[in-house]
Amino acid sequence: MLPATLPTATDGLDLAPWVWWATVGVAALVLAFDVAVIARRPHRPSTRELVTALAVYVGAAVVFGLALWWLAGGRLAGEFFAGWLTEYSLSVDNLFIFILIMASFSVPEKLQQFALMVGIVIAIVLRGIFIAVGAAAINSFSWIFYVFGAFLVYTAVRLARGGDTSDDEYEQNRFMRWAAGRFPATERYEGTRLFVRDGAARTATPLFFVILALGTTDLLFALDSIPAIYGLTDEAYLVLVANLFALMGLRQLYFLIGGLLRKLVFLSYGLAVLLAFIGVKLVLHALHENDLPFVNGGQPLPVPEIPIAVSLGAIVVILGVTTVASLWATRRHPELADG
């Protein structure tokens, strides 16, 4: 999936359009296959099935990153790995809300995999739009890095003040409340069907609203994650691929670590530090590329920029310390996991 003429370690990716289409096409085929298989036989996946699929997705991401390193240089590979790890860690935070959505709608266990899969497809499409908009904004307005950086620092402060990510119940957003009033609905699930006929009228099943909730909720999380990954790489292709790999393995994580999530009691604080770090990195980059007339007369400032190797190391350390500290705390005080 790389061009015939490969970039050097100091160049950016100059990809032909067919590379983008091939990447999107492969992802679409994989997702369509998953949806078709799950729709044909709704079930709760076995541990072996989950581990195998997750190993394939994670392994594919690692192989992609190593191939990128070999063909295009360590800087771009480092940007991919940093972006992928960041997207994955932020996606884990999504799982708290996904669990609440499933509980709120009383989704039968055998239908949860299908709902997640379709919700993830919707999320990928919506994130693709966000990625394209972000790339266009960066290419047109260098000052957008100030906005992204300030937003991430603000989000980090809000997340740190919020503390634990696990809430007691799911609250519908405005779009979901509008949809609930717009579509007549049944109260029972009809397998994987989203609509059924009730006399002459077509009515939505609860599964339709579950999938809408999953997709739109992930879109809200994308408001944080897309600016964050653009703080690690300005290559829109790497942003797209990192998001694809992170989201395509999210379904397996939901079933594998559902119980473990309760033990990650410091996840919010770890993600807050991570977002604050990337926010500061974005602001430094904006100052280094400054062209705003009211800042230093429109001239760049000689501020240090954080290398991608340092960013990647910081991400690994932050996530590692957060996980170890959470597991240590819940082992000594099990009641924390139930709070």
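Owing to the predicted nature of the structure, the values given are computational and were not obtained by experimental measurement. Per-chain numbering applies: the sequence of each chain, read as written, is numbered from 1 onward. Since the coordinates come from a predicted model, pLDDT governs what is reported: local features require at least 70, and pairs of side-chain atoms require 80 or more to be given and counted, while whole-chain, interface and lining totals use all residues. Side-chain numbers here rest on the full set of heavy atoms in the structure, without hydrogens or water.

Moving on, we come to the overall build of the chain. When its secondary structure is counted, the chain shows twelve helices and two strands. Contact between two residues is taken to exist if any of their heavy atoms lie within 4.5 Å; hydrogens are not considered. Across the chain, every contact between residues at least 6 apart in sequence was considered, and the portion connecting residues at least 24 apart equals 78%. Each accessible area is a Shrake-Rupley result for a 1.4 Å probe, and residues are judged covered by the shown protein chains and nothing else. Total accessible area computed for the chain in this model is approximately 16500 Å², and 66% of it derives from carbon and sulfur atoms. For the purposes of this entry, the term helix denotes a DSSP run of H or I that reaches at least four residues, the term strand denotes a run of E that reaches at least two, and both are numbered from the N terminus.

Note on placement: T233 falls in the loop between helix 7 (206-230) and helix 8 (236-248). Note on classification: 1.4 Å probe, protein chains only; a residue is buried when its accessible area is under 20% of the maximum for its type, exposed when over 50%, partly exposed between these limits. Residue T233 is classed as buried on the basis of its relative accessible area, which comes to 3%. Here a polar contact means two N or O atoms within 3.5 Å. Within protein one must be a hydrogen donor candidate and the other an acceptor candidate, and residues neighboring in sequence count only if both atoms are side-chain atoms. Within the structure, T233 has its side chain in polar contact with the backbone nitrogen of E235 (distance 3.1 Å). Not counting chain neighbours up to four residues away, the residues in contact with T233 comprise E79, L238 and V239.

Time to look at the pattern of salt bridges. What makes a salt bridge here is a side-chain nitrogen of Lys or Arg within 4 Å of a carboxyl oxygen of Asp or Glu, nothing more. One pass over the full model with this rule turns up four salt bridges. Here E87 makes a salt bridge to R127, at a shortest N to O gap of 3.0 Å. Of this pair, E87 sits in helix 3 (residues 74-104) while R127 sits in helix 4 (residues 109-140); the two residues are 40 residues apart in sequence, bridging distant segments of the chain. Across the pair, R127 and E87 agree in class, each one buried. Measuring nitrogen to oxygen at the nearest pair gives 2.5 Å for the salt bridge that ties E190 to R188.

A few words now on the nonpolar core. We call a set of buried Ala, Val, Leu, Ile, Met, Phe, Trp, Tyr and Cys residues a nonpolar core when their side-chain atoms join them within 4.5 Å. Among the nonpolar cores identified, the biggest contains 105 residues, and L68, F80, W84, F105, V210 and Y230 are the most heavily contacted of them. By residue number, the principal contributor to this core is helix 3, which donates 16 residues.

Moving on, we get to the packing of helix 4 against helix 7. Axes here refer to lines fitted to C-alpha atoms; in helices the fit is confined to the stretch in contact. Angles between the N-to-C directions go from 0 to 180 degrees. Axis separation between helix 4 and helix 7 bottoms out at 7 Å; the angle between their running directions is 35°. At the point where helix 4 passes helix 7, the crossing takes the right-handed sense. Two helices that cross are described as forming a left-handed crossing if the nearer one is turned anticlockwise from the farther one by less than a right angle, and a right-handed crossing if clockwise.

Turning to the confidence of the model for the chain, a few remarks are in order. Per-chain confidence: the chain averages 81 in pLDDT, with 89% of residues scoring 70 or above. pLDDT: the predictor's confidence for each residue, scored from 0 to 100. Confidence over residues 1-10 falls short of pLDDT 50; this stretch has 21 contacts with residues more than four positions distant or in other chains.

This part takes up a nonpolar patch on the surface. On the surface, V125, I129 and V133 cluster together into a nonpolar patch covering about 280 Å² of accessible area. Judged by relative accessible area, which is 49%, I129 ranks as partly exposed. Think of a patch as exposed residues, more than 30% relative accessible area, with no salt bridge, where like charges cluster within 9 Å and nonpolar side chains (Val, Leu, Ile, Met, Phe, Trp, Tyr) cluster within 5 Å.

Considering the arrangement of structural elements, one finds I278 in helix 11 (residues 267-288). The buried category is assigned to I278, whose relative accessible area is 0%. Once the C-alpha coordinates of I278 and Y230 are considered, the two residues, 48 residues apart in sequence, prove to be 9.2 Å apart. With sequence-adjacent residues up to four places away left out, I278 is seen in contact with T86, L152, A228, G231 and L232.

With that out of the way, let us pick up the packing of aromatic side chains. Centres within 6.5 Å are what make two rings of Phe, Tyr or Trp a pair, Trp counting through its six-membered ring; a difference in plane orientation under 30 degrees is then read as stacked, over 60 as edge-to-face, and the rest as tilted. Overall, the coordinates contain twelve aromatic pairs when judged by the stated rule. Grouped by ring-pair contacts, the aromatic residues F64, F80, F81, W84, Y88 and F245 constitute a single cluster.

A separate point is the side chain of N243. As for its position among the elements, N243 is in helix 8. For N243, a relative accessible area of 3% puts it in the buried group. Excluding residues that lie within four positions of it along the chain, N243 makes contacts with E87, R127, I131, I226 and I229.

This next bit is on the environment of V239. Mapped onto the secondary structure, V239 falls in helix 8. V239 sits 13 residues away from I226 along the chain, and the two C-alpha atoms are 7.9 Å apart. Residues in contact with V239, not counting those within four places in the same chain, are I131, I229, Y230 and T233.

What follows covers the packing of helix 4 against helix 8. At a minimum axis separation of 10 Å, helix 4 and helix 8 run at an interaxial angle of 165°. Comparing the axis directions of helix 4 and helix 8 gives the class roughly antiparallel. Of the two elements, helix 4 crosses helix 8, and the hand of that crossing is right-handed. Here I120, A123, I124, R127, I131 and A135 of helix 4 lie close against helix 8, whose contacting residues are A236, V239, L240, N243, L244, L247 and M248. The class makeup of the residues in the contact of helix 4 with helix 8 is eleven nonpolar, one polar and one charged. For this classification, under 35 degrees means roughly parallel, over 145 means roughly antiparallel, 65 to 115 means roughly perpendicular, and everything else is oblique. Put simply, Ala, Val, Leu, Ile, Met, Phe, Trp, Tyr, Cys and Pro go in the nonpolar bin, Asp, Glu, Lys and Arg in the charged bin, and everything else, Gly too, in the polar bin.

Turning our attention to unusual backbone geometry. Although it is not a glycine, S106 adopts a positive phi angle of roughly 50°. Tracing the backbone through its elements, the reader meets S106 in the loop between helix 3 and helix 4.

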